[in-house]
Amino acid sequence: MHAAGNPAARTSLAYTLVSTRDRKQADVPRALDLLEQASAQDYAPAQALLGEMLGGMRSWGGYEPFGANPRDRARGIVLLQRAATKICVVQPGPDMFRVEPALRAAQLLARAGRADESRLWRARNILHCGGGDVNYLSWEAKADRASPAGRIDALALLTLTGNAAAVAGAKAVLPADMVGAADRLADDLRRQVAASERDYPAPPRKELP
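Residues numbered from 1 in each chain as written. Predicted model: local features only at pLDDT ≥ 70, side-chain atom pairs only at ≥ 80, totals over all residues. Heavy atoms only, no water.

Caption draft 1: Main features of the nonpolar core. Among the nonpolar cores identified, the biggest contains 53 residues, and L35, W121, L155, L157, L158, L160 and L189 are the most heavily contacted of them. Per element, the largest residue contribution to this core is eight residues, and it comes from helix α10 (residues 176-196). Excluding residues within four positions of it along the chain, L155 makes contact with A141, V167, A170, K171, L174, V179 and A182. (Core = buried A, V, L, I, M, F, W, Y, C linked by side-chain atoms within 4.5 Å. Buried < 20%, exposed > 50% of the residue type's maximum accessible area, 1.4 Å probe, protein only. Helix = DSSP H or I, 4+ residues; strand = E, 2+ residues; numbered from the N terminus. Contact = heavy atoms within 4.5 Å.)

Laid out in structure tokens, this is it:
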């Protein structure tokens, strides 16, 4: 399949150009150009991969991670958020890494100090895409070394996963006031997610796991 004009082919070629272990074959500038073209065609996998690159989440083609430029990081977040309205995950090919755009957006927002927005996008990843690491959230909610606010956040997000056994286990070790705060936060996050769908619709149902 020729890459000219085809956003899927452009995205696949771009991934090949930055994921090769042979630095002589790596061509990051060309990969960026291909992803820009595919993103301009509103192709969600390209938006997710370009957002991942601009956000500096990993190294590519032997280059140091991107993300040194605040404008690149901010644009990476926007691209990931846009992709998250259309897909839950992108995996360019067999044995290739996966990008969950809503979760990646949340991680970049956290790095940018935008904690409330990060929490919202983590909630979107759970409610829209069935995301959320139940074991990690459960551990975080129970961890004595974590801050009370962090434990409340973790329990609220764990509640959104719908895993009743894990939620009950975490609630059993937390004081009542923290459990109540987490329940209120979970309800508030559901409302925030619903409100956010006016600007960032949920991905199509066929994308849900």
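Next comes the rest of the write-up.
Caption draft 2: Geometry of helix α3 (residues 44-55). Compared with an ideal rise of 1.5 Å per residue, which puts twelve residues at 16 Å, α3 spans 16 Å between its outermost C-alpha atoms and is within 8% of the ideal. Among the twelve residues in α3, twelve count as buried, and that is most of the element. As for α3, its buried residues are in contact with α1 (7-19), α2 (28-40), α4 (70-84) and α5 (101-111). After α3 finishes, the residue G56 shows a positive phi value of roughly 75°. (Expected span 1.5 Å × (residues − 1).)

Caption draft 3: Highlighting the state of the cysteines. The final tally for this structure, using the stated rule, is one disulfide. Here C88 pairs with C129 through a disulfide, and the sulfurs are 2.1 Å apart. Handedness of the C88-C129 disulfide follows from its S-S torsion of about -85°: it is left-handed. Here C88, found in the loop between α4 and α5, pairs with C129, found in helix α6 (residues 115-129); they are 41 residues apart in sequence, far enough to count as distant. (Disulfide = S-S within 2.5 Å.)

Caption draft 4: Structural view of the pattern of salt bridges. By the definition in use, this model includes ten salt bridges. Note that D42 and K86 form a salt bridge whose closest N and O atoms lie 3.4 Å from each other. You can see D42 sitting in the loop between α2 and α3 and its partner K86 sitting in the loop between α4 and α5, a full 44 residues away along the chain. Residue classification places D42 among the partly exposed positions, given a relative accessible area of 44%. With a closest N to O distance of 3.2 Å, D116 and R119 form a salt bridge. Here the residue D116 and the residue R119 both occupy positions in helix α6, the gap between them amounting to three residues, near one helical turn. Residue R119 is classed as buried on the basis of its relative accessible area of 18%. (Salt bridge = Lys/Arg side-chain N within 4 Å of Asp/Glu carboxyl O.)

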